[in-house]
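# A look at the structure
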Amino acid sequence: MRIGQLARRSGVSVRALRYYEEQRLLESARTPGGQRDYPDEALERVQLIQDLFAAGLSSRTVVELLPCVSTGVATPAMLDQLIVERDRIAARIEDLTRAKTKLGRVIENVTAANVAQD
């Protein structure tokens, strides 16, 4: 799959895909003409990278953790890091859930007050 096709299918810019390669997050082969050629699995990998970035992981952390995604094997240090990141994400979800609940209450109160004024 060419870089433009991967960009369209993943919703990620060509520039971002090049950055992923520079950071060793993504690999491509080269055609005889020098164009990047990605395997079909690259789409799933790009989506995982995007999810990890959205969860707040740095590119350095993602580079360190991606090998265990590919191989299914993790060193004790990698496993510890995976657990730390999972727990950090879980705590962030709890914070966001609390904020969502509070905003829901504000919306209910404002809606009730607006109805009472009508």
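Residues numbered from 1 in each chain as written. Predicted model: local features only at pLDDT ≥ 70, side-chain atom pairs only at ≥ 80, totals over all residues. Heavy atoms only, no water.

## Regarding the nonpolar core
As a reminder of what qualifies: Here the nonpolar core consists of buried residues drawn from Ala, Val, Leu, Ile, Met, Phe, Trp, Tyr and Cys, with membership extended through side-chain atoms lying within 4.5 Å. Relative accessibility thresholds used throughout: buried, under 20% of the residue-type maximum; exposed, over 50%; partly exposed, between the two (1.4 Å probe, protein chains only). Numbering of helices and strands runs from the N terminus, with a helix taken as a DSSP run of H or I at least four residues long and a strand as a DSSP run of E at least two residues long. Throughout, a contact is declared for two residues whenever any of their heavy atoms are within 4.5 Å.
Membership of the largest hydrophobic core comes to 21 residues, with the highest contact counts inside it found for L6, L17, Y20 and L26. Looking at this core, the elements with two or more residues in it are α1 (3-10), α2 (14-22), α3 (42-54) and α4 (59-71). Among the elements that take part in this core, α3 stands out by supplying five residues, more than any other. If near-sequence neighbours (up to four positions away) are discounted, L6 is found in contact with M1, L17, L26, Y38, A42, L43 and V46.

## Considering the packing of aromatic side chains
Formally: Pairing of aromatic side chains requires ring centres within 6.5 Å, counting the rings of Phe and Tyr and the six-membered ring of Trp. Pairs whose planes differ by under 30 degrees are stacked, by over 60 edge-to-face, and all others tilted.
One pass over the structure, following the stated rule, counts two aromatic pairs. Ring geometry for Y20 versus F53: centroids 5.8 Å apart, planes at 65°, classification edge-to-face. Of this pair, Y20 sits in helix α2 while F53 is found in helix α3, placing the two residues 33 residues apart along the sequence. By relative accessible area, which is 3% here, Y20 ends up buried. The class of F53 is partly exposed, set by a relative accessible area of 25%. Connected via pairs of aromatic rings, a cluster forms that spans Y19, Y20 and F53.

## Comments concerning unusual backbone geometry
Across residues other than glycine, the phi torsion is negative in most instances, and most of the peptide bonds are trans. Although it is not a glycine, R24 adopts a positive phi angle of roughly 65°. Considering the arrangement of structural elements, one finds R24 in the loop between α2 and β1 (29-30).

## Quick notes on the UniProt feature "domain: HTH merR-type" (unreviewed entry) in the protein
Under the convention used in this document: UniProt positions are given in the numbering used here, feature names are shortened, and annotations may be inferred rather than shown by experiment.
Per the UniProt annotation, the sites labelled "domain: HTH merR-type" (unreviewed entry) are residues 1-68. Each end of residues 1-68 is marked by a C-alpha atom, and these two atoms are 24 Å apart; helix forms 59% of the span and strand 6%.

## Thoughts on the pattern of salt bridges
Rule in force here: For this document, the term salt bridge refers to a Lys or Arg side-chain nitrogen within 4 Å of an Asp or Glu carboxyl oxygen.
A complete count under the given rule lists six salt bridges for this structure. In this structure, R60 and E64 form a salt bridge, with 3.5 Å as the shortest nitrogen-oxygen distance. A residue pair is termed a helical-turn pair when its members lie 3 or 4 positions apart in one helix, as R60 and E64 do in helix α4 at four residues. Under the relative-accessibility criterion, R60 is labelled exposed at 63%. Residue R88 is joined to E85 by a salt bridge in which the shortest nitrogen-to-oxygen separation is 3.0 Å. In this pair, R88 and E85 are both assigned in helix α5 (residues 76-117), three residues apart and thus about one turn of the helix distant. Looking at E85, the relative accessible area reads 11%, which means it is buried.

## Comments concerning the packing of α4 against α5
Condition: For helices, the axis comes from a line fit to the C-alpha atoms of the stretch in contact; other axes are also lines fit to C-alpha atoms, and the angle between any two N-to-C directions lies between 0 and 180 degrees. In a left-handed crossing the near helix is turned counterclockwise from the far helix by less than a right angle, and in a right-handed crossing that turn is clockwise. Three categories are distinguished: nonpolar for Ala, Val, Leu, Ile, Met, Phe, Trp, Tyr, Cys and Pro, charged for Asp, Glu, Lys and Arg, and polar for the others, with Gly belonging to the last.
Here α4 crosses α5 at 115°, and the two axes come no closer than 10 Å. When you trace α4 past α5, the crossing you get is left-handed. Residue-level inspection shows T61, E64, L65, P67 and C68 of α4 in contact with α5, the latter providing M78, Q81, L82 and E85. Taken together, the residues of the contact of α4 with α5 break down into five nonpolar, two polar and two charged.

## Brief notes about the side chain of T31
Here T31 lies in the loop between β1 and β2 (36-37). Since its relative accessible area comes to 16%, T31 is described here as buried. Residues in contact with T31, not counting those within four places in the same chain, are R2 and D37.

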